[in-house]
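Examination of the molecular architecture
Listed below are the residues making up each chain.
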Amino acid sequence: MLEIVATEDLKTAAQFTFNNMKPYYEMYAVDWDVEDVYQATKNLKNFDILCKEQHIGVVRLSFDEGRCQLRDIQIAATYQNKGYGAHVIAKVVDIARQHSVKFIDLKVFQLSPAFKLYSRIGFAVDRKDDRFYYMSLRV
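The structure contained in this document is the topic of the report that follows. (Residues numbered from 1 in each chain as written. Predicted model: local features only at pLDDT ≥ 70, side-chain atom pairs only at ≥ 80, totals over all residues. Heavy atoms only, no water.)

**Side note on the nonpolar core**
- In terms of nonpolar packing, the biggest core is built from 33 residues, with Val59, Leu70 and Tyr118 touching the most fellow members.
- Mapped by element, the contributors of at least two residues to this core are helix H1 (10-27), strand S2 (45-51), strand S3 (54-64), strand S4 (67-75), helix H3 (84-98), strand S5 (103-109), helix H4 (114-121) and strand S7 (132-138).
- In terms of residues, this core owes the most to one element, H3, which gives 7 residues.
- Once you skip the residues sitting within four places of it in the chain, Tyr118 turns out to touch Leu70, Ile73, Ile89, Leu106, Val108, Phe123 and Met135.
- In terms of nonpolar packing, the next biggest core, distinct from the first, is built from 11 residues, Phe18, Tyr24, Tyr28 and Phe109 among them. (Core = buried A, V, L, I, M, F, W, Y, C linked by side-chain atoms within 4.5 Å. Buried < 20%, exposed > 50% of the residue type's maximum accessible area, 1.4 Å probe, protein only. Helix = DSSP H or I, 4+ residues; strand = E, 2+ residues; numbered from the N terminus. Contact = heavy atoms within 4.5 Å.)

**Here we look at the pairing of S4**
- Counting buried residues along S4, 7 of its 9 residues qualify, which places the element largely inside the surrounding structure.
- With 8 bridges connecting them, S3 and S4 associate as antiparallel partners. When the bridges of S4 are listed, Arg60 appears paired with Asp72.
- Hairpin connection from S3 to S4: 2 residues lie between these consecutive antiparallel strands, with Glu65 at a positive phi of about 50°.
- Direction of pairing for S4 relative to S5: parallel, over a ladder of 3 bridges. Across the sheet, residue Gln69 finds its bridge partner in S5, namely Asp105.
- With H3 bridging S4 and its parallel neighbour S5, the resulting β-α-β unit is right-handed. (Pairing = 2+ DSSP bridges. Right-handed = clockwise from strand over helix to strand, strands pointing away.)

**With respect to the side chain of Gln69**
- Residue placement: Gln69 occurs in strand S4.
- Beyond its immediate chain neighbours, meaning those up to four positions away, Gln69 contacts Arg60, Leu61, Ser62, Phe63, Asp64 and Asp105.

**Describing unusual backbone geometry**
- Positioned with a positive phi, Ala29 is a non-glycine residue whose angle comes to about 55°.
- Relative to the helices and strands, Ala29 resides in the loop between H1 and helix H2 (34-41).
- In this structure Ala29 comes out as exposed when scored by relative accessible area, which is 66%.
- For Glu53, which is not glycine, the phi torsion reads 70° and is therefore positive.
- Residue position: Glu53 is located in the loop between S2 and S3.

**Observations concerning the environment of Phe16**
- Relative to the helices and strands, Phe16 is located in helix H1.
- In this structure the C-alpha to C-alpha distance between Phe16 and Ile104, which are 88 residues apart in sequence, comes to 24 Å.

**Quick word on the pairing of strand S6 (residues 124-128)**
- Sheet analysis places S6 next to S7, joined by 4 bridges and oriented antiparallel. Counterpart to Ala124 in the pairing with S7 is Ser136.
- Taking the residues between adjacent antiparallel strands as the criterion, S6 and S7 are bridged by 3 residues.

**Considerations on H2**
- Within H2, burial applies to Val37, Tyr38 and Thr41. Projected down its long axis, H2 shows its buried positions confined to an angular sector of 100°, all on one face.
- Buried residues in H2 make contact with H1, S2 and S3.
- Capping of H2 at its N-terminal end is provided by Asp33; its side-chain oxygen lies 3.1 Å from the backbone amide nitrogen of Glu35. (Arc of directions from axis to C-beta. Polar contact = N/O pair within 3.5 Å; in protein donor to acceptor, adjacent residues only side chain to side chain.)

As structure tokens, then:
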């Protein structure tokens with residue numbers, strides 16, 4: 001059973017994200033460390049992803065101008081490609097509906113395998129730049 005619960009330890013969540021994103025930071029020469037991740041995420045709505053009470057990831061959201069921004073989904077490598085991302089997004093859709101928003105927005109590295117997941121679920125590319133796709137989903 002998958003659960004999304006409020007994050008209690010933001011520093012640990014930042015470390016988790018840094019570890020998961022390190023290959024992308026290196027690929028794109030993003031000079032971030034754990035403290036940078038913490039500073040960028042501390043004011044977001046942070047949630048831990050639990051599977052059978054075991055921590056397997058984090059998800060972060062923000063709400064602005066009637067829209068939900070899916071700022072981050074990080075899932076441990078051993079749990080990727082097993083359907084957990086789709087379950088997390090379904091829970092994010094529920095949270096967005098609770099906040100009465102009509103759209104969920106996100107950006108994803110163009111080389112990220114998560115792009116296929118977002119497309120399969122129904123997110124559409126609104127625009128792109130040299131690194132990212134900017135996508136949205138009507139809820």
